[in-house]
Structure formats: structure tokens, C-alpha cells
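Structure assessment
The primary structure of each chain is shown beneath.
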Amino acid sequence: MAIPDRPVHPYRIGEAASMLGVSADTMRRWVDAGRLPATRDEHGHRIIAGAELASFARELARPENSETEGRSSARNRFPGIVTAVVLGDVAAKVEIQAGPFRVVSLISRDSAEELGLVPGAPATAVIKSTNVVVERR
């Protein structure tokens, strides 16, 4: 069954930036450089069509456009900073602040110690299905 054509939400620069996890200045530079088309609304604000923003977001997320070292089947990578590590006898609870997102993972204590996970350490939460893998950057 085909989805009927209907208008797609237009995004202002700040909204689009928030959706992609970048600053409004970065979004403006992309628009100014012609990487992403934008028009102006009746108030003179730049707006980006939802379909254009979705296409651009897919392009940014392509593996060859990521800063990932090596290869991985996981596509959801959230670089951030470790904010808390609670070590138990066998397991460790690791909290990472990745932009506006708080990611919590339970991993083995050995893994947390081997990765040197401590508050303030840079780390990436790699999410595949229902599992979160923690990698030290």
C-alpha cells in the first residue's frame, strides 16, 4: 500500500540542526555551501523541506561518511563522555552523555576496567538491536 502524498513539515534552521545534532551555525554553513537546499518563509527565515532534510540525514549517516575507525555492522554510534561508572562484583553500569542523550549500559566489570572507563573519559555507545556496546575512543 502506497503512502498518499501530503505536505512534509518544513524545518527552520535551528530545528533542522537539532534534528541532526549539530549547531545552527553548522546548518547555516551547509545551506550556504549548497549542501542542503533551503528557501525562505513569509517572515524571511530559512526553511528546509522535510524530505530534503531526511535525504541529507541519510547521506550523513552512510558508513563512508562517518568517522568510524574500522568496520562494524552497528550503525547507531553515539560519541560522548562517560559521566558515571558503578562497578559491581561482576558487572558495571556505565553512563555516557552523548549530546542531549544519556545512554546507560551494563557491561562486565572486566570490560569496564580494560577500557579504562572512568568519569570524564571519551567513549562511544554503539547500539545494535537491543544491545549497547561501549567502545573507548
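Calculation criteria
- Along each chain, residue indices are assigned from 1 in the same order as the chain's sequence is written.
- Local features in this predicted model are restricted to residues whose pLDDT is 70 or higher, and side-chain atom pairs enter the listing and the counts only when it is 80 or higher, whereas totals over whole chains, interfaces and linings include all residues.
- To obtain the side-chain values, all non-hydrogen atoms of the structure were included, while hydrogens and water were left out.
- Helix and strand definitions here come from DSSP, where helices need a minimum of 4 consecutive H or I residues and strands a minimum of 2 consecutive E residues; each element is numbered from the N-terminal end.
- Partly exposed describes any residue whose relative accessible area lies between the buried limit of under 20% and the exposed limit of over 50%, with all areas from a 1.4 Å probe on protein chains only and scaled to the type maximum.
- Residue-level accessible areas treat just the shown protein chains as cover; the underlying method is Shrake-Rupley with a 1.4 Å probe.
- Contact criterion: two residues are considered in contact whenever any of their non-hydrogen atoms come within 4.5 Å of each other.
- To form a nonpolar core, buried Ala, Val, Leu, Ile, Met, Phe, Trp, Tyr and Cys residues must be joined to one another through side-chain atoms within 4.5 Å.
- The rule is short: rings of Phe, Tyr and Trp, with Trp giving its six-membered ring, pair when the centres are within 6.5 Å, and they are stacked under 30 degrees, edge-to-face over 60, tilted in between.
- Axes here refer to lines fitted to C-alpha atoms; in helices the fit is confined to the stretch in contact. Angles between the N-to-C directions go from 0 to 180 degrees.
- Reported orientations rely on four angle classes, namely roughly parallel under 35 degrees, roughly antiparallel over 145, roughly perpendicular from 65 to 115, and oblique for the rest.
- Ten residue types, Ala, Val, Leu, Ile, Met, Phe, Trp, Tyr, Cys and Pro, are classed as nonpolar, four, Asp, Glu, Lys and Arg, as charged, and the remainder, Gly among them, as polar.
- Strands were regarded as paired on the criterion that DSSP finds at least two bridges between them.

- An unreviewed UniProt entry lists the protein under the name MerR family transcriptional regulator, with Kitasatospora griseola given as the organism.

**Description of the overall build of the protein**
- A tally of regular secondary structure across the protein gives four helices and eight strands.
- Tracing the protein from N to C terminus, the helices and strands come up as β-α-α-β-β-α-β-β-β-α-β-β.
- Split into buried and exposed, the 137 residues of the protein put 26% on the buried side.
- Summing over all exposed atoms, the protein offers an accessible surface of approximately 9500 Å²; the carbon and sulfur share of this is 52%.

**Brief notes about the environment of Ala38**
- Mapped onto the secondary structure, Ala38 falls in the loop between α2 (24-32) and β2 (39-40).
- Sequence separation of Ala38 and Ala49 is eleven residues, and the distance between their C-alpha atoms is 7.2 Å.
- Sequence-distant contacts of Ala38, defined by excluding residues within four places in its chain, comprise Val31, Arg46, Ile47 and Ile48.

**Some words on the nonpolar core**
- Core analysis: the biggest nonpolar cluster contains twelve residues, these being Val82, Ala92, Val94, Ile96, Val103, Ile107, Ala112, Leu117, Ala121, Ala123, Ala125 and Val134.
- Every element with two or more residues in this core is listed here: β5 (91-98), β6 (101-108) and β7 (122-128).
- Broken down by element, this core gets its largest block of residues, three residues, from β5.
- Apart from the residues within four sequence positions on either side, Val94 is in contact with Val82, Ala84, Val103, Val104, Ser105, Ile107 and Leu117.

**A short note on the packing of aromatic side chains**
- Counted according to the given criterion, the structure contains two aromatic pairs.
- Here Phe78 and Phe101 contribute two aromatic rings whose centre-to-centre distance is 6.2 Å and whose plane-to-plane angle is 70°, an arrangement assigned as edge-to-face. A residue pair is termed long-range when its members are at least 10 positions apart, and Phe78 in strand β4 (residues 76-87) and Phe101 in strand β6 qualify at 23 residues.
- For Phe78, a relative accessible area of 27% gives the class partly exposed.

**Points about the packing of helix α1 (residues 13-20) against α2**
- α2 packs onto α1 with a crossing angle of 105° between their chain directions and a minimal axis gap of 8 Å. For the element pair α1 / α2, the angle class is roughly perpendicular. Contacts between α1 and α2 involve Ile13, Gly14, Ala16, Ala17 and Leu20 on the former and, on the latter, Ala24, Met27, Arg28, Trp30 and Val31.
- Its residues assigned to classes, the contact of α1 with α2 comprises eight nonpolar, one polar and one charged.

**Things to note about the sheet that holds β2**
- In space, the three strands of this open sheet follow the order β1-β3-β2, with antiparallel pairing throughout. Strands at the two margins of the open sheet, each flanked by one partner only, are β1 (10-12) and β2.
- α1 rests against β1 and β3 (46-49) of the sheet, and its axis sits at about 95° to β1.

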